Amino acid sequence: MRLLTFSTLYPNAAQPNHGVFVENRLRHLVAGGAAESTVLAPVPWFSGRGPRRAAVPAQETRHGLVLHHPRYAAPPGLGMWTNPFTLHQASRAALRRLLRGGLRVEAIDAHYLYPDGVAAVWLGQEFGLPVVITARGSDTSLLPRYRVPRRLIQGAIAGADALIAVSAALREELLALGAPPGKVTVLRNGVDLGLFRPPADRAALRAALGVEGKVLLSVGLLIPRKGHHLTIEALAALPGHTLLVLGEGPERAALAALAARCGVADRVRLLGARPHAELPAFYGAADAMVLASSREGWANVLLESMACGTPVVSSPAWGSREAVAAPEAGLVLDTATPATIAAGVRQLLATPPDRAATRRYAEGFGWDETTAGQLALFRRVIAGRQPAR
């Protein structure tokens, strides 16, 4: 089957970690040869993330997949309202050129309800293509709070041929937005068990990274929603613990200042963004990974950590209880505050699970089941559209 993967969150030459979870799922989908995809990953002309966007090429190839990056207008302060329309205009012109150039497409594989899913449904209607939208988190929890985005999201839900939720909790949110139960399929993200695995010599790895004692790890963009500030504050109640923070973002200076105010600056290391392939070393060196996010559709970092043998302490964000469902995986807090995080870390590390058992637990979350579910869903959607086409 021939797909068009459509998403504004997809890695590129200038931002190799941008939406890497979308790329990972697609790579596993096409690896078996039953599906192929061309990626249409539009890039905004204007973005609060800085001038790096200008370095994104118009076309590139990553992991054997061809990516196209048309530009769309995203005026600062107005993008929430204008993005669906400018994204659609730029993407329809790009798709028209690709089709005229001989590209064959049987379905659109879109990620995020807004603005991507909205624009994808409009493209599907114009070009006669079925559309499958994967909802991933804030597109169902945050954006529907705004009247215009909510109406457009509900229109995308109604116009899509099928919807994918990355967790059962996210499925319930889609139903609350009006999605028919039969239209929503739960297909969680998996973990690359070949890349994310326990280190061969953990002591040597820790020595190479220069860490000793109890080591905590926090991974994600440095933005308020990820809750890094809560983990830093919790460190004040965890003497002898060091916190490694992987990620970059606008909160970096504020987090460094917070660590100084809490008297833990010497135990907090803000290490910046790291290539995806380097993450296993940090997971493997840590004693526990802490996820303090207020919102997540399905936090990939939980599975990545467990696949490296490292248990987790997680906030009750969507999908957390589905991912952390056994003692060897770690624990999920009822609420994420500095006090509860500190208590959770102390509880977990007082009698830590066997790291080999944590790895075995994670092995139940490979990509095979998710890939099989995608193939079945796309086949059904494409077959359902054949008579009309």
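Since we're looking at a predicted model, the values are computed, not measured.

**Remarks on helix α1 (residues 20-31)**
Thinking step 1. When the terminal C-alpha atoms of α1 are compared, their 16 Å separation across 12 residues agrees well with the 16 Å that a helix rising 1.5 Å per residue should span.
Thinking step 2. Among all positions in α1, only Val 20, Val 22, Glu 23, Asn 24, Arg 25, Leu 26, Leu 29 and Val 30 are buried.
Thinking step 3. Looking one or two places after α1, you find Gly 33, whose phi comes out positive at around 90 degrees.

**Remarks on the packing of α1 against helix α15 (residues 368-385)**
Thinking step 1. In the contact formed by α1 and α15, the axes pass within 9 Å of each other and the chain directions differ by 75 degrees. What the angle tells us is that α1 and α15 run roughly perpendicular. For the pair α1 and α15, contact is made by Arg 25, His 28 and Leu 29 and by Thr 370, Thr 371, Gln 374, Leu 375 and Phe 378, respectively.
Thinking step 2. In terms of residue class, the contact of α1 with α15 is made up of 3 nonpolar, 4 polar and 1 charged.

**Some words on the sheet that holds strand β11 (residues 214-219)**
Thinking step 1. The parallel open sheet is built from 6 strands, whose spatial order is β13-β12-β11-β14-β15-β16. The open sheet has two edge strands with one neighbour each: β13 (268-270) and β16 (330-332). For this sheet, the mean inter-axis angle between neighbouring strands, taken without regard to orientation, is 15 degrees.
Thinking step 2. For β11 and strand β12 (residues 241-246), the ladder comprises 6 bridges, and the chain directions are parallel. What sits directly across from Ser 218, in β12, is Val 245.
Thinking step 3. The sheet strands contacting helix α11 (residues 300-307) are β11, β14 (288-291) and β15 (312-314), and the helix crosses β14 at an angle near 175 degrees.

**Regarding the environment of Ser 138**
Thinking step 1. Here Ser 138 is to be found in helix α4 (residues 138-141).
Thinking step 2. Linking Ser 138 and Leu 170, residues 32 residues apart in sequence, is a C-alpha distance of 9.9 Å.
Thinking step 3. Ignoring anything within four residues of it in the chain, the contact list for Ser 138 reads Leu 143, Pro 144 and Arg 295.

**Focus: the pattern of salt bridges**
Thinking step 1. The full count for this structure, using the stated rule, is 14 salt bridges.
Thinking step 2. A salt bridge links Glu 23 to Arg 62, with the nearest nitrogen and oxygen atoms 2.7 Å apart. With Glu 23 in helix α1 and Arg 62 in strand β4 (residues 59-62), the pair connects residues that are 39 residues apart, well separated along the chain.
Thinking step 3. By relative accessible area, Glu 23 is classed as buried at 2%.
Thinking step 4. Given the relative accessible area of 16%, Arg 62 is considered buried.
Thinking step 5. For Arg 96, the salt bridge goes to Glu 126, with nearest N and O atoms at 3.2 Å. Here Glu 126 lies in helix α3 (residues 113-127) and Arg 96 lies in helix α2 (residues 79-100), a separation of 30 residues in the sequence.

**A word on the UniProt feature "domain: Glycosyltransferase subfamily 4-like N-terminal" (unreviewed entry) in the chain**
Thinking step 1. UniProt feature "domain: Glycosyltransferase subfamily 4-like N-terminal" (unreviewed entry): in the numbering of this structure it lies at residues 56-193.
Thinking step 2. Helix makes up 46% of residues 56-193 and strand 20%. Its end C-alpha atoms lie 30 Å apart.

Cut-offs used in this document
- Residues numbered from 1 in each chain as written.
- Predicted model: local features only at pLDDT ≥ 70, side-chain atom pairs only at ≥ 80, totals over all residues.
- Heavy atoms only, no water.
- Helix = DSSP H or I, 4+ residues; strand = E, 2+ residues; numbered from the N terminus.
- Expected span 1.5 Å × (residues − 1).
- Buried < 20%, exposed > 50% of the residue type's maximum accessible area, 1.4 Å probe, protein only.
- Axes fitted to C-alpha atoms, helices over the stretch in contact; angles between N-to-C directions.
- Parallel < 35°, antiparallel > 145°, perpendicular 65-115°, else oblique.
- Contact = heavy atoms within 4.5 Å.
- Nonpolar A, V, L, I, M, F, W, Y, C, P; charged D, E, K, R; others polar.
- Pairing = 2+ DSSP bridges.
- Salt bridge = Lys/Arg side-chain N within 4 Å of Asp/Glu carboxyl O.
- UniProt positions renumbered as here; feature names shortened; annotations may be inferred.

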